[in-house]
Amino acid sequence: EDQVTQSPEALRLQEGESSSLNCSYTVSGLRGLFWYRQDPGKGPEFLFTLYSAGEEKEKERLKATLTKKESFLHITAPKPEDSATYLCAVRPGGATNKLIFGTGTLLAVQP
Amino acid sequence: SQTIHQWPATLVQPVGSPLSLECTVEGTSNPNLYWYRQAAGRGLQLLFYSVGIGQISSEVPQNLSASRPQDRQFILSSKKLLLSDSGFYLCAWRGPGQYNSPLHFGNGTRLTVT
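Counting restarts for each chain, with residues numbered from 1 along the sequence as it is written. Both sets of labels track the order of writing: A upward for chains, 1 upward for ligands. The predicted nature of this model means local features are confined to residues of pLDDT at least 70 and side-chain atom pairs, given and counted, to a pLDDT of 80 or more, with totals for whole chains, interfaces and linings taken over all residues. Values shown for side chains rest on all heavy atoms present in the structure; no hydrogens or waters enter the calculation.

J.: What is the right way to read the overall build of chain A from this model?
T.: Assigned secondary structure in chain A consists of zero helices and eleven strands. The order of α-helices and β-strands along chain A, N terminus first, is β-β-β-β-β-β-β-β-β-β-β. The 111 residues of chain A split such that 45% are buried. Sequence-distant contacts, at least 24 apart, represent 55% of the contacts inside chain A between residues at least 6 apart. Roughly 5,300 Å² of accessible area belongs to chain A as shown, and the carbon and sulfur atoms make up 47% of that amount. Comment: elements are numbered from the N terminus, with helices defined as DSSP H or I runs of at least four residues and strands as E runs of at least two. In this scheme, a residue with accessible area under 20% of its type's maximum is buried, one over 50% is exposed, and one in between is partly exposed, where area comes from a 1.4 Å probe on protein chains only. In what follows, residue pairs with any heavy atoms lying within 4.5 Å of each other are defined as contacts. Areas reported as accessible are Shrake-Rupley estimates using a 1.4 Å probe. Residue values count occlusion only from the protein chains shown.

Take a look at the structure:
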């Protein structure tokens with residue numbers, strides 16, 4: 001069964017304290033892995049797409065990487081405004097209209 | 001640029017009442033449209049998707065239905081709400097045929113069934 005697991009469920013960091021969020025997946029024929037940021041009461045906001053193992057994408061303090069079994073979202077020197085829930089989603093092979101989402105990591109960055 | 005609108009933002013409805021949530025997309029033609037539900041502590045669950053006017057695919061059997069009366073309009077409905085229908089409902093779009101592109105979400109409707 002296709003599955004996406006994110007860890008940790010919640011993470012509290014001090015401003016400037018770098019860390020990583022994990023997204024592990026079990027799917028048949030990965031066609032894409034997506035990272036989203038979701039603020040409270042809002043819809044998810046797209047961050048990155050990764051398609052193949054070894055691929056990396058960066059945006060400001062965020063860097064996403066992909067292996068054959070998992071993806072990491074690295075947060076370097078986070079600021080309080082980076083506080084949000086980060087969601088990971090995968091598109092299995094052959095399922096053109098289906099994204100499987102993880103339950104997310106709630107990140108809190110304290111000043 | 002493309003934008004997606006959902007309304008209402010919040011809704012409180014009694015059990016057994018009807019439901020209608022609306023979503024519209026601007027700045028694109030023939031988008032693929034999606035309805036997701038997000039429950040606390042659970043991942044987003046795909047409810048319905050549509051690749052064109054009048055074309056609806058259901059992912060999960062439930063108390064809800066969807067319709068696409070116009071190219072850029074997607075409606076989620078129920079004839080009689082259940083307590084279990086409470087949740088955060090999200091509409092999303094993607095360009096036609098762009099199956100490896102990300103979904104873009106609206107800001108959701110928080111539905112509480114009392």
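J.: Is there a simple way to explain the interface of chain A and chain B in this structure?
T.: Bring the parts together and some accessible area is lost; that lost area is often taken as the interface size. Facing 20 residues of chain A, the contacting portion of chain B comprises 23 residues. We define buried area as the total accessible area lost by two parts upon association, computed with a 1.4 Å probe and summed across both. Summing both sides of the interface, chain A and chain B together bury roughly 1,700 Å²; the carbon and sulfur share of this comes to 52%. Looking at the side of chain A facing chain B, the largest losses of area belong to R91(A), N97(A) and F101(A), adding up to 32% of the total buried there. By salt bridge we mean one thing: a side-chain nitrogen of Lys or Arg within 4 Å of a carboxyl oxygen of Asp or Glu. Taken together, chain A and chain B are joined by zero salt bridges. Two N or O atoms form a polar contact when they lie within 3.5 Å of each other; inside protein one atom must be a possible hydrogen donor and the other a possible acceptor, and for residues adjacent in sequence the pair counts only when both atoms belong to side chains. Here chain A is connected to chain B by four residue pairs in polar contact (both at pLDDT 80 or more). Broken down by secondary-structure element, the contributors of at least two residues to the side of chain A that touches chain B are β4 (30-38), β5 (45-50) and β9 (84-92) of chain A. Top contributing element to the side of chain A that touches chain B by residue count: β4(A), with four residues.

J.: What is the right way to look at the sheet that holds strand β8 (residues 70-75) of chain A in this model?
T.: Hydrogen bonds between backbone atoms are what pair the strands of a sheet, whose relative direction is either parallel or antiparallel. Residues and elements named next belong to chain A. For two strands to be treated as a pair, DSSP must find no fewer than two bridges joining them. With antiparallel pairing, five strands are arranged side by side in an open sheet as β1-β3-β8-β7-β6. The open sheet is flanked by β1 (3-7) and β6 (56-59), the only strands paired with a single partner. Across the sheet, the mean angle from the axis of one strand to that of its neighbour is 15°, orientation sign disregarded. Orientation is described by axes fitted as lines to C-alpha atoms, over the contacting stretch for helices, and by angles from 0 to 180 degrees between their N-to-C directions.

J.: Explain the state of the cysteines to me, please; I cannot follow it from the model alone.
T.: By definition, a disulfide links the sulfur atoms of two cysteines through a covalent bond. Criterion for a disulfide: a pair of cysteine sulfur atoms within 2.5 Å. Tallied over the entire structure, the rule returns two disulfides over all chains. Sulfur-sulfur distance for the disulfide between C23(A) and C88(A) comes to 1.9 Å. Residues C23(A) and C88(A) share a disulfide whose torsion about the S-S bond is about -60°; that sign makes it left-handed. Residue C23(A) is found in strand β3 (residues 19-26), and its partner C88(A) is found in strand β9; the two are separated by 65 residues along the sequence. One disulfide bridge connects C23(B) with C91(B), the sulfur atoms lying 2.0 Å from each other. Measuring handedness by torsion sign, the sulfur bridge of C23(B) and C91(B) sits at about -75° and is left-handed. On the criterion of sequence distance, the pair formed by C23(B) in strand β3 (residues 19-26) and C91(B) in strand β9 (residues 87-94) is long-range, its members being 68 residues apart. Considered together, C23(B) and C91(B) belong to a single accessibility category, that of buried residues.

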